[in-house]
Structure formats: structure tokens, C-alpha cells
Amino acid sequence: MAEGERLLCRLEDIPDGGARGFPASPGGFIGLVAVRRGGQVFVYLNSCPHLGVPLEVLPDRFLDGRREHVVCALHGARFRIEDGFCVSGPCAGDALEAVPAGIRDGAVIVPAGAGL
């Protein structure tokens with residue numbers, strides 16, 4: 001792994017079509033959410049742009065019933081998985097904060113400081 005990077009998880013640790021949350025780094029306040037679509041992973045800060053609260057109430061419950069959008073459990077805002085853009089809810093037009101992520105040898109890699 002290159003300097004300035006950290007291993008988030010293995011790709012197979014995120015169910016295809018599903019999402020998984022990752023707690024903040026020690027001393028951090030905001031964790032991450034990763035959503036997998038086949039061989040792609042979309043990673044965002046686990047923070048709703050409306051109030052700054054975590055998106056899920058129950059662990060790893062980030063997606064709507066159809067698994068088409070990330071949903072804020074507090075007020076139902078819906079975000080596109082591919083770019084985090086809010087399509088409905090009180091923060092419509094805003095977006096989740098994306099975290100650059102890559103997949104290398106089956107590992108999901110993010111910047112070392114992501115999620116602080």
C-alpha cells in the first residue's frame with residue numbers, strides 16, 4: 001500500500017448491491033459508508049449534508065428497499081449511489097461528501113485521513 005493510503009476492507013466484505021459502514025478512525029468523528037455495485041465501490045463520509053448526522057440508525061442499513069439510493073434514516077433524504085447527489089428530502093440538490101476509493105488486488109483503498 002502506498003504512503004497516504006489505508007485499507008478500508010476487502011471487496012468481498014461488502015455484499016454486491018449492498019452497503020457497509022466503517023466507524024471513524026480513532027479520535028475521529030465521522031465514519032465512512034461504502035456501497036458496492038459489482039466491481040465498483042462508492043465511498044462517502046457517513047454524514048448527511050442536512051444536519052451532519054450519521055446516515056444509518058442500525059449498522060449497515062444505508063440503502064432503500066430497492067437498493068437504488070442511500071437514505072438518511074433521520075429524515076428520509078435520498079442520495080444517488082453513483083455520485084451522492086440528493087434527489088429528494090430537505091437537502092435536495094446537495095450531495096454526500098465523496099471519498100476517493102480504489103480497488104487494488106481485491107482490496108478497497110482510501111486516503112489515510114478519510115473519515116476523520
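Since this is a predicted model, take the numbers as computed values, not measurements.

Enquirer: Just to check I follow, could you spell out the overall build of the chain for this structure?
Expert: Looking only at helices and strands, one finds zero helices and 10 strands in the chain. Compactness check: the chain gives a C-alpha radius of gyration of 13 Å against a globular reference of 13 Å for 116 residues, within 12% of the reference. Expressed as lengths along the three principal axes of its C-alpha atoms, the size of the chain is roughly 40 × 30 × 25 Å. Sequence-distant contacts, at least 24 apart, represent 46% of the contacts inside the chain between residues at least 6 apart. Total accessible area on the chain stands at roughly 6100 Å², and carbon and sulfur atoms take up 52% of it. Treating the 11 positive side-chain charges of the chain as one cloud and the 14 negative ones as another, the clouds have centres 5 Å apart.

Enquirer: Would you mind going over the pattern of salt bridges with me for this structure?
Expert: Two side chains carrying opposite charge are able to pair once their charged atoms lie near each other. A full pass over the atoms with the stated rule returns four salt bridges. Here Asp64 and Arg78 are joined by a salt bridge, their closest N and O atoms 2.7 Å apart. Residue Asp64 is found in the loop between β4 (40-45) and β5 (69-71), and its partner Arg78 is found in strand β6 (residues 78-80); the two are separated by 14 residues along the sequence. What makes Arg78 partly exposed here is its relative accessible area of 27%.

Enquirer: It is not clear to me how the sheet that holds strand β10 (residues 107-111) should be interpreted in this structure. Could you clarify?
Expert: Strand pairing within a sheet occurs via backbone hydrogen bonds; the two strands may be parallel or antiparallel. Ordered in space as β1-β10-β9, the three strands form an open sheet in which the pairing is antiparallel. Strands at the two margins of the open sheet, each flanked by one partner only, are β1 (5-10) and β9 (102-104). Averaged over all pairs of adjacent strands, the angle between their axes in this sheet comes to 40°, without regard to strand direction. Across three bridges, the pairing between β9 and β10 is antiparallel. Directly across from Gly102, in β10, lies its bridge partner Ile109.

What counts as what
- Residues numbered from 1 in each chain as written.
- Predicted model: local features only at pLDDT ≥ 70, side-chain atom pairs only at ≥ 80, totals over all residues.
- Heavy atoms only, no water.
- Helix = DSSP H or I, 4+ residues; strand = E, 2+ residues; numbered from the N terminus.
- Rg over C-alpha atoms; globule rule 2.2 N^0.38 Å.
- Contact = heavy atoms within 4.5 Å.
- Areas by Shrake-Rupley, 256 points an atom, 1.4 Å probe, with all protein chains shown as cover.
- Lys, Arg positive; Asp, Glu negative; His and termini not counted.
- Charge placed at Lys NZ, Arg CZ, Asp CG, Glu CD.
- Salt bridge = Lys/Arg side-chain N within 4 Å of Asp/Glu carboxyl O.
- Buried < 20%, exposed > 50% of the residue type's maximum accessible area, 1.4 Å probe, protein only.
- Pairing = 2+ DSSP bridges.
- Axes fitted to C-alpha atoms, helices over the stretch in contact; angles between N-to-C directions.

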